[in-house]
Amino acid sequence: SSLLAGCLAGGAAALLTTPLDVVKTRLQTQALPPDPPQLQPCGRYASSSSSINRGFSSSSVVPSPSVQGAVATARLVLQEAGWRGFLRGALPRLVVQAPAAAISWTTYDQLKGLLNTLDLL
């Protein structure tokens, strides 16, 4: 019974948290510029051929993201893919999380029973 309960609980948790995971993943994987900015010599090092990395500057090493915040990202997902976009990747998550939760809860339940039998709890 704990195997089935763990499987159902893990599956439900995976399905319920998939929309949040989609938004998080979109925020984390926003496109960076195609070429990283090049460091340009400045000041008295501009004409020097020194290999020391002092005196270099970069105008923008990390660009600001094209979408900022979870709400704006959720709106973008809804606009681009509709409500189904929030469930993108749900099946692989379900296939991984449901058995993992079932194994975890079954192991916990079995070990708890063993420790109770041995009067260690």
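Preceding block: the structure.
Described below are features of the structure shown in this document. (Residues numbered from 1 in each chain as written. Predicted model: local features only at pLDDT ≥ 70, side-chain atom pairs only at ≥ 80, totals over all residues. Heavy atoms only, no water.)

### Here we look at the side chain of Gln30
Stated precisely, the cut-off is as follows: Numbering goes from the N terminus for both helices and strands, where a helix is a DSSP run of H or I of at least four residues and a strand is a run of E of at least two. The rule is simple: take the accessible area with a 1.4 Å probe, protein chains only, and divide by the maximum for that residue type; under 20% is buried, over 50% is exposed, in between is partly exposed.
Note on placement: Gln30 falls in the loop between helix H1 (2–28) and strand E1 (40–41). Among the residues examined, Gln30 registers a relative accessible area of 17% and is labelled buried.

### Brief notes about the packing of aromatic side chains
Operational definition: Aromatic contacts are taken between Phe, Tyr and Trp rings whose centres are within 6.5 Å, Trp giving its six-membered ring; a plane angle under 30 degrees counts as stacked, one over 60 as edge-to-face, and the others as tilted.
A complete count under the given rule lists two aromatic pairs for this structure. Ring geometry for Trp83 and Phe86: centres 5.9 Å apart, planes at 40°, overall tilted. The buried category is assigned to Phe86, whose relative accessible area is 11%. When the centroid spacing of 5.8 Å and the interplanar angle of 85° are considered together, the rings of Trp105 and Tyr108 count as edge-to-face. Of this pair, Trp105 and Tyr108 both sit in helix H3 (residues 90–117), separated by three residues, roughly a single helical turn.

### Concerning unusual backbone geometry
In this structure, Asp119 is a non-glycine residue whose phi angle is positive, near 55°. Along the chain, the position of Asp119 falls in the segment after H3.

### Notes on the environment of Leu8
Positionally, Leu8 belongs in helix H1. Taking relative accessible area as the criterion, Leu8 reaches 56% and is therefore assigned exposed. For Leu8 and Leu94, which are 86 residues apart along the polypeptide, the C-alpha to C-alpha distance reads 10.0 Å.

### Describing the environment of Leu94
Using the following cut-off: The contact definition used throughout considers only heavy atoms, calling two residues in contact when any of these lie within 4.5 Å.
Note that Leu94 resides in helix H3. Linking Leu94 and Gly10, residues 84 residues apart in sequence, is a C-alpha distance of 7.7 Å. The contact partners of Leu94, leaving out residues within four places of it in the chain, are Gly11, Ala14, Leu15 and Pro99.

### A look at H1
For the record, the criterion: Bending is quantified residue by residue as the angle between axes fitted to the seven-residue window ending at that residue and the seven-residue window starting at it.
For H1, the principal kink sits at Thr18 and spans about 45°; a proline, Pro19, occurs within the next four residues. Within H1 the residues assigned to the buried category are Ser2, Gly6, Gly10, Gly11, Ala14, Thr18, Val22 and Val23. Buried residues in H1 make contact with helix H2 (70–81) and H3.

These figures capture arrangement, not role.
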